[in-house]
Amino acid sequence: MAKKRAGAKRPAPQDFRSEALAQALEKQDMAAVALALRNGNTVVPLIKPGPRDNPLDGGEVWTYRDQSTGDVALLLFSDARNKPANLPPGVGIYSPAWLTAFLTTHRDTITTVFLDIAGPHPMQAPPAELLKALQA
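All of these numbers come straight from a predicted model, not from anything done at the bench. Sequence order as written defines residue numbering, which begins from 1 separately in each chain. The model is predicted, so local features are restricted to residues of pLDDT at least 70 and side-chain atom pairs to those at 80 or more, both for listing and for counting; the totals for chains, interfaces and linings are taken over all residues. To obtain the side-chain values, all non-hydrogen atoms of the structure were included, while hydrogens and water were left out.

## Concerning helix H3 (residues 96-105)
Three- or four-residue spacings in an α-helix give side chains the same orientation, since the helix completes a turn every 3.6 residues. Short version of the rule: Exposure classes here rest on a 1.4 Å probe applied to the protein chains alone. A residue is buried below 20% of its type maximum, exposed above 50%, and partly exposed in between. Secondary structure follows DSSP: runs of H or I at least 4 residues long count as helices, runs of E at least 2 residues long count as strands, and numbering of each begins at the N terminus. What the arc covers is the set of directions going from the helix axis to the C-beta atoms.
All of the buried residues in H3 are Leu99, Thr100, Phe102 and Leu103. The buried residues of H3 occupy an angular sector of 165° when the element is viewed end-on, so they sit on one face. The exposed residues of H3 that point more than 90 degrees off its buried face are Ala97 and Thr105.

As structure tokens, then:
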């Protein structure tokens, strides 16, 4: 049986972060954002969190629907601390494969993707553009 390392613990959801994505957004460099999304994890707001022991699996993703237009936006974050407090409190950290599958599945529903919508360096992209970057 493997021993647990003394003092080792899983990061708390509020500690989820993608340094590469944060740096790419700071530079407002779409190529660097695409690279960060293709090679790293992304923080996603959840209506219902997944299993506590595995933040990489499960959970129900929260999307924003504009009441006046019906447009649906997916919000992604470079850091859980950048998620506005008025969104559901749960977050998960998801892989590039998950993001590709999610955008592919919902390509006819999601009209835009916001990255760090509340800052410090927000960016917006069409889902088709992100899918193209993820599949490059």
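## Concerning the sheet that holds strand E3 (residues 63-65)
Remark on secondary structure: sheet strands pair via backbone hydrogen bonds, oriented parallel or antiparallel. Going by this rule: Pairing between strands is defined by DSSP: at least two bridges between them are needed. Axis lines are fitted to C-alpha atoms, over the contacting stretch for helices. Their N-to-C directions set the angle, which ranges from 0 to 180 degrees. What makes two residues a contact is simply this: any of their non-hydrogen atoms within 4.5 Å.
The mixed open sheet is built from 4 strands, whose spatial order is E3-E4-E6-E7. Looking at which strands have only one partner, the edges of the open sheet turn out to be E3 and strand E7 (123-125). Taken over all neighbouring pairs, the strand axes of this sheet differ in orientation by 25° on average, direction set aside. Here E3 pairs with strand E4 (residues 72-76) via 3 bridges, running antiparallel. Bridging across to E4, Tyr64 finds its partner in Ala73. Here helix H4 (residues 127-134) sits on the sheet in contact with strand E6 (110-115) and E7, set at roughly 70° to E6.

## Side note on helix H2 (residues 30-39)
Put simply, the test is: Pairing of N or O atoms within 3.5 Å defines a polar contact, subject to two protein rules: one partner must be a possible hydrogen donor and the other a possible acceptor, and residues neighboring in sequence count only if both atoms are side-chain atoms.
When H2 is considered as a whole, its buried residues turn out to be Val33, Ala34, Ala36 and Leu37. Buried residues of H2, seen end-on, are gathered within an arc of 165° and therefore sit on one face of the element. Along H2, exposed side chains directed more than 90 degrees from the buried face belong to Ala31 and Asn39. Residues of H2 that are buried make contact with helix H1 (19-27), strand E1 (42-48), H3, E6, E7 and H4. You can read the cap of H2 off the contacts: a side-chain oxygen lies 3.0 Å from the backbone nitrogen of Ala31, and it is on Asp29.

## Some words on the packing of H2 against H4
Our working rule: For any pair of crossing helices, the crossing counts as left-handed if the nearer helix is rotated counterclockwise from the farther one by less than a right angle, and right-handed if it is rotated clockwise. Under the scheme applied here, ten amino acids are nonpolar (Ala, Val, Leu, Ile, Met, Phe, Trp, Tyr, Cys and Pro), four are charged (Asp, Glu, Lys and Arg), and all others, including Gly, are polar.
Where H2 contacts H4, the two axes come as close as 9 Å, and the packing angle between them is 65°. For H2 against H4, the interelement crossing comes out right-handed. Note on element contacts: H4 touches H2 through Glu129, Leu130, Ala133 and Leu134, opposite Met30, Ala34, Leu37 and Arg38. Across the contact of H2 with H4, the residue classes tally to 6 nonpolar, no polar and 2 charged.

## Comments concerning the packing of aromatic side chains
Here is the rule we go by: Geometry of aromatic contacts follows a simple scheme: Phe, Tyr and Trp rings, the Trp one being its six-membered ring, pair when their centres are within 6.5 Å, and the pair is stacked under 30 degrees between planes, edge-to-face over 60, tilted otherwise.
In total, this model carries 3 aromatic pairs according to the counting rule given. On the basis of an interplanar angle of 45° and a centroid distance of 4.3 Å, the ring pair of Tyr94 and Trp98 is categorised as tilted. Owing to a relative accessible area of 4%, Tyr94 belongs among the buried residues under this scheme. Seen from their ring centres, Trp98 and Phe102 are 4.8 Å apart, and the 25° between their planes marks the pair as stacked. Of this pair, Trp98 and Phe102 both sit in helix H3, 4 residues apart, which is roughly one turn of the helix. Taking the relative accessible area as the measure of exposure, Phe102 reaches 14% and is therefore buried. Members of the aromatic cluster, each reached through a chain of ring pairs, are Tyr94, Trp98 and Phe102.

Shape is all these values report; function is a separate question.
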